[in-house]
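The primary structure of each chain is shown beneath.
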Amino acid sequence: MTGDDWQLIGFSARMAVGSTVLILPLGVALAWLLARRQWQGKTLVETLVSLPMVLPPVVTGLVLLQLFGQRGPLGHWLHTHWGVDVVFTWKAVVLALGAMSLPLLVLFARSAIEEVNPALEQIARTLGAGEWRVLFTVTLPLARRGILAGVLLAFARALGEFGATIMVAGNIPGRTTTLPVAIYSLVENGEDAHAWVLAGISTLMAFLALWAGRALQRRRP
Amino acid sequence: MSDFRLHADFTKQFSGGPVIRAEALEITGAGVTVLFGPSGSGKTTVLRCLAGLAIPDTGEIICGGETWFANGRTVTPARNRRLGYVPQEYALFPHLTVAENIAYGLAGQGAAEKQARVAEMTGWLGLEGLAARRPAELSGGQQQRVALARAVARQPRLLLLDEPLSALDAPTRQRLRGELRQRLRQLAIPTLIVTHDRLEALALGDDLVVLDEGRIVQRGPVQAVFSRPANLTVAGIVAVETVQAGRVLAWENGLATVQVGGVQLTAVAEPLAAGTEIFACIRAEDVMLSRDAERHSSPRNRLPATVRAMLGEGSLMRIELDCGFPLISILTKPACAEMELREGAPVLALVKAPQIHLVPRSG
């Protein structure tokens, strides 16, 4: 284990945590809209959100590269209005991880919200609660275990993301390289032993995330 | 509160279901109105429309001069109707304690105020010592009281109860029926109760609205509707031909003596205090008639009576008697012929003690 390895592990963990925190409000909001509201274009949004789960990750990465590249519609807008460049920076890493793990979070959070008895939300309304109060005092507290499971799974998914990351963030050691990308490079360069060390660390981190999820879910409500 | 007035006149249809019509449904004063009818008659839908949880197709709902629903549009959403709604399964918040459940509708009040109101509610409903429990740790009867406390805590102007006792086991239901009546009286909040249980309707209601297949088929004071059903449909739904108000004189060894009209009746009953007001309920097929003064027949109640009217219904004859109070009997036509029954004839009405059902009306 070198200092570079520790930097790599810290960076990968920070990116995974950052992307998970970033997608949490978006994912829960989407999950709630899909579970509890009827609206135009619902099926389209539902399909788009789930798409990264079944597409080759490099395709998702390619789409992100097109959208957020300096000549892409979003990338251009961010560059001219905010002076922000995304691709091939750590921001692109967060973006790629977020896009790849959002479907899992939405999937879990949605089914958790759907399992909340609507009669409880209705009774809250008759007791004078507005929609926000219903959401934060009834729906989310009752769905929290499922949402938490989704968060941990999204985090674990983000830790292991490779295809989309390499497309949109590249492999710039110390700046955009994540654990999976580093492992790939090491194997490519014939440094198998070093690759195995990092693979072991990857496995350990994923194991801990899933195990923590299980343990949290088993706890009393 | 006695000038309270709710006026509802709306229709609601679920795809494939019958059209449910709440035609000129009026609730006035602070009494208890029971919306009574068989399962599937649309009672709960009417209640949910009033609560703002279901949206009528057409019509209007006006409460205390405030429009809740008109022209196919919800004007006042559920959260602004200031009503107390107790659904059939109580819908207590499972993640909140009893105290937190009761306080849920008190948002916007100070902590001290909330605490005082919760204490008042738990005291009133005998829930002291349970404030820190979760709903899952309560018995069915306790859950029912918490649901009532939660609905009442915010001082609603209208209370809506959906089958308030049906989620309970039979002994608990019987015990809580009287308790609930007493508590609703103390509250004096205009209340609408939905039930398919005839005993619940008799025990809890002041006024009765009978609903069948989505239509209001009769309305009036409870006793009047039960004793004088407007037609055979209503008679079939209420299914108790004789309902008479009375008072308990004594109770001993499972037998109650009650005064009804000018007559004393003996009935099998749970312990009842002397002086308790009751409804004595007798189904017509349980009233046997005899022309001789049989001294040795088994029924405890042998009532000298006069035939007032006879009405053929298929192979049966509905016989209205006067035995000190109006009593209905049903016999087959051959039996009537054999006994040579006719209007004005004296008979002896025989009713076994277990077949007189007493519904307590006071605590």
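A quick note: this is a predicted structure, and the numbers were derived from the prediction, not measured.

Rules of the game
- Residues numbered from 1 in each chain as written.
- Chains lettered and ligands numbered in written order.
- Predicted model: local features only at pLDDT ≥ 70, side-chain atom pairs only at ≥ 80, totals over all residues.
- Helix = DSSP H or I, 4+ residues; strand = E, 2+ residues; numbered from the N terminus.
- Buried ≥ 20, exposed ≤ 12 C-beta atoms within 10 Å, placed from the backbone.
- Contact = placed C-beta atoms within 7 Å.
- Pairing = 2+ DSSP bridges.
- Axes fitted to C-alpha atoms, helices over the stretch in contact; angles between N-to-C directions.
- Left-handed = near helix turned anticlockwise from the far one by under 90°.
- Nonpolar A, V, L, I, M, F, W, Y, C, P; charged D, E, K, R; others polar.
- Core = buried A, V, L, I, M, F, W, Y, C linked by C-beta atoms within 7 Å.
- Domains from an automatic or database assignment.
- Parallel < 35°, antiparallel > 145°, perpendicular 65-115°, else oblique.

Asker: Sorry, what's going on with the overall build of chain A here?
Answerer: Check the secondary structure of chain A and you find ten helices and zero strands. The N-to-C order of helical and strand elements in chain A reads α-α-α-α-α-α-α-α-α-α. Oriented by its inertia axes, the alpha-carbon framework of chain A measures out at about 65 × 45 × 30 Å. For chain A, with 221 residues in total, the buried portion stands at 39%. Long-range pairs, those at least 24 residues apart, make up 74% of the contacts in chain A between residues at least 6 apart in sequence.

Asker: Where do I start with the pairing of strand E3 (residues 32–36) of chain B in this structure?
Answerer: Strand residues, when the strand is regular, have side chains that alternate between the two faces of the sheet. All names here are of chain B. Within E3, five of the five residues are buried, which leaves the element mostly enclosed by the surrounding structure. Across the two faces of E3 the burial is the same, with Val32, Val34 and Phe36 and Thr33 and Leu35 all buried. As judged from the five bridges shared by E3 and strand E9 (residues 191–195), these two strands associate in the parallel manner. Considered in E9, the bridge of Phe36 is made with Thr195. Summarising the sheet, E3 and strand E10 (residues 207–212) pair through four bridges and their orientation is parallel. Within E10, the position partnered with Thr33 by the bridge is Asp207.

Asker: When you look at the packing of helix H1 (residues 3–36) of chain A against helix H7 (residues 131–159) of chain A in this model, what are you seeing that I'm missing?
Answerer: Think of two packed helices as two axes; the pair is described by the angle between the axes and how far apart they sit. Residue and element names in this part refer to chain A. As a packed pair, H1 and H7 sit with axes 9 Å apart at the nearest point and diverge in direction by 140°. Crossing angle aside, the handedness with which H1 passes H7 is right-handed. On H7, the residues touching Ser12, Ala16, Ser19, Thr20, Ile23, Leu24, Val28 and Trp32 of H1 are Leu135, Ile147, Val151, Ala154, Phe155, Ala158 and Leu159. When the residues that make up the contact of H1 with H7 are grouped by side-chain class, the tally is twelve nonpolar, three polar and no charged.

Asker: Please explain helix H1 (residues 43–51) of chain B as it appears in this structure.
Answerer: Counting along an α-helix, one turn takes 3.6 residues, and residues three or four places apart therefore face a common direction. Residue and element names in this part refer to chain B. Among the nine residues of H1, eight are classified as buried, and the element is accordingly described as predominantly covered. Listed as buried for H1 are Lys43, Thr45, Val46, Leu47, Arg48, Cys49, Leu50 and Ala51. Just downstream of H1 lies Gly52, where phi reads positive at about 90°.

Asker: Please clarify how the environment of Phe279 of chain B should be interpreted in this entry.
Answerer: Residue and element names in this part refer to chain B. Note that Phe279 resides in strand E15 (residues 277–282). Overall, Phe279 belongs to the buried group, with 24 C-beta atoms counted inside 10 Å. Placed 172 residues apart in sequence, Phe279 and Ala107 show a C-alpha to C-alpha distance of 42 Å. With near-sequence residues (within four places) excluded, Phe279 lies in contact with Leu202, Gln223, Val243, Gln244, Ala245, Val359 and Arg361.

Asker: Would you mind going over the nonpolar core with me for this structure?
Answerer: Side chains of nonpolar character tend, in soluble globular proteins, to be buried together. The biggest cluster of nonpolar side chains holds 162 residues, and the ones touching the most others in it are Ala96, Ala109 and Val168 of chain A together with Leu160, Ala280 and Ala349 of chain B. No other element matches the 17 residues that helix H5 (residues 90–114) of chain A contributes to this core. Structurally, this core is a two-domain feature, drawing no fewer than three residues from each of domain 1 (5–240) and domain 2 (243–360) of chain B. Look past the residues within four positions of Ala96 of chain A in its chain and what remains in contact with it is Gly61, Leu64, Glu161, Ala164, Thr165, Val168 and Ala169 of chain A.

Asker: Would you mind showing me how to read the packing of helix H6 (residues 118–126) of chain A against H7 of chain A here?
Answerer: All names here are of chain A. Put simply, H6 and H7 touch, their axes get as near as 10 Å, and they point 160° apart. With respect to their mutual orientation, H6 and H7 come out roughly antiparallel. Crossing geometry of H6 relative to H7 is assigned as right-handed. Along the contact surface, H6 presents Leu120, Glu121, Ala124 and Arg125, while H7 presents Val134, Thr137, Val138, Thr139 and Leu142.

Asker: Help me understand the pairing of strand E17 (residues 301–313) of chain B in this model?
Answerer: Residues and elements named next belong to chain B. Note that E17 and strand E20 (residues 346–351) share six bridges and pair antiparallel. Among the inter-strand pairings, Ala305 is bridged to a residue of E20, identified as Val347. Pairing geometry for E17 and strand E18 (residues 316–322), over seven bridges, is antiparallel. Within E18, the residue paired with Leu311 across the bridge is Arg318. Here E17 folds back onto E18, and the loop between the two strands holds two residues, one of which, Gly314, carries a positive phi near 65°.

Asker: I'm lost on the domain arrangement of chain B in this one. Help?
Answerer: Note: interface size is frequently given as the accessible area lost on complex formation between the parts. All names here are of chain B. Segmenting chain B into domains produces domain 1 (5–240) and domain 2 (243–360). Counting residues at the interface gives nine residues for domain 1 and nine residues for domain 2. Of all the secondary structure elements, the ones that give two or more residues to the side of domain 1 that touches domain 2 are helix H5 (170–187), helix H6 (198–204) and helix H7 (222–227). Within the side of domain 1 that touches domain 2, the residues separate by chemical class into five nonpolar, four polar and no charged.

Asker: Explain unusual backbone geometry to me, please; I cannot follow it from the model alone.
Answerer: The bulk of non-glycine residues show a negative phi, and the bulk of peptide bonds are trans. All names here are of chain B. One non-glycine residue, Tyr90, lies in the positive phi region at around 75°. Within the secondary structure, Tyr90 sits in the loop between strand E7 (83–86) and helix H2 (98–103). What makes Tyr90 buried here is the crowd of 23 C-beta atoms within 10 Å. Of note, the phi angle at Ala188 is positive, near 55°, even though the residue is not glycine. Tracing the sequence through the fold places Ala188 in the loop between H5 and E9.

Asker: Please clarify how the sheet that holds strand E13 (residues 255–260) of chain B should be interpreted in this entry.
Answerer: Residue and element names in this part refer to chain B. The five strands are arranged E14-E13-E12-E15-E21 in an open sheet whose pairing can be described as antiparallel. Only two strands of the sheet have a single partner each, and these edge strands are strand E14 (263–268) and strand E21 (356–360). The mean angle between the axes of side-by-side strands here comes to 40°, regardless of whether they run parallel or antiparallel. In this structure, strand E12 (residues 242–252) lies alongside E15, joined through six bridges in antiparallel fashion. By the bridge assignment, Gln244 is partnered in E15 with Ala280.

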